[in-house]
Structures are given as structure tokens and as C-alpha cells.
Amino acid sequence: MAGTWDVRSTLELTVPGIEHRMEAAKDSYRTAYMLHPDGSWARATAAGARDVPTVHQGGPRWLWDELDSIRTWLVIDGDLPIAGAAVRVDPDGACHFSRSGWSATISAR
């Protein structure tokens, strides 16, 4: 997802703390891992770059479903809510993003 800043930014705002890992095998199989501190995880494996992956996920939040929701938003609306979102910053540093029914909050750390 390195070339898709808008998808990645929206996902990271929606699910703060998510980690991504990629693994490429010699037989051209590729596996993407998504991990979250709350115990949520997803693993997607595909034979090639254009093949539909087989997805397994678990934990309190289904991370691949979160990603799919964001990609669906992009396909239907042509952009993502992060582009053009209103931002409010609280005195404690918490940031609140909102646009078109979507919202996310990042707490000050």
C-alpha cells in the first residue's frame, strides 16, 4: 500500500495502531499481514499481484473488512474522506477528522 497514501491514511485514521507486513515467496505467492495491538489480525495470500487473495482474519475487528470498506468508498465516490476532511484540534492535542458522514479521532499521545 506504499503508493496509496489516501487509502493508507484513511485506514490508519480509522484503525489507529495498525501494522502492515508483506511477504513474497519464490513461487510468486504474496502474503499481506495486518496486525493491531487489540489482537485483531488479517492475512491475505494471492498467487500473483492481480489475483484475488484468500483472506483469513480474526480478533475484535476484522481489519481486511475495514480496508475493503475504504476501497469501496474510493470506487463509489472517486475519492476518500481524508481528502478534504475538516479537522478540529483540541487543546490536549486530540485531532478530530470528519467529512460526509465519516469521522475519526486520534488522541494525543
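Everything discussed here concerns the structure shown above.
Residues numbered from 1 in each chain as written. Predicted model: local features only at pLDDT ≥ 70, side-chain atom pairs only at ≥ 80, totals over all residues. Heavy atoms only, no water.

S.K.: How would you sum up the environment of Ile-70? Please name residues and give values.
M.R.: Here Ile-70 shows up in helix α2 (residues 63-77). Residue Ile-70 is classed as buried on the basis of its relative accessible area of 6%. Residues Ile-70 and Val-7 lie 63 residues apart in sequence; the distance between their C-alpha atoms is 6.7 Å. If near-sequence neighbours (up to four positions away) are discounted, Ile-70 is found in contact with Val-7, Thr-10, Leu-11, Thr-14 and Leu-80. (Helix = DSSP H or I, 4+ residues; strand = E, 2+ residues; numbered from the N terminus. Buried < 20%, exposed > 50% of the residue type's maximum accessible area, 1.4 Å probe, protein only. Contact = heavy atoms within 4.5 Å.)

S.K.: Outline the environment of Trp-73, listing residues and values.
M.R.: Inspection of the secondary structure assignment puts Trp-73 in helix α2. By relative accessible area, which is 24% here, Trp-73 ends up partly exposed. On a C-alpha basis, the gap between Trp-73 and Pro-91 in space is 31 Å, while along the polypeptide they are 18 residues apart. Setting aside chain neighbours within four positions, we find Trp-73 in contact with Gly-78, Asp-79, Leu-80, Pro-81, Arg-99, Ser-100 and Trp-102.

S.K.: With reference to specific residues and values, describe the sheet that holds strand β1 (residues 19-24).
M.R.: Ordered in space as β1-β2-β3-β4, the 4 strands form an open sheet in which the pairing is antiparallel. Of all the strands in the sheet, just β1 and β4 (54-58) have a single pairing partner and so form its edges. Strand-to-strand twist of the sheet, defined as the mean angle between neighbouring strand axes without regard to direction, takes the value 10°. Inspection of the sheet shows β1 paired to strand β2 (residues 30-35) by 6 bridges, in the antiparallel sense. Looking across to β2, one finds that Ala-24 is bridged to Arg-30. (Pairing = 2+ DSSP bridges. Axes fitted to C-alpha atoms, helices over the stretch in contact; angles between N-to-C directions.)

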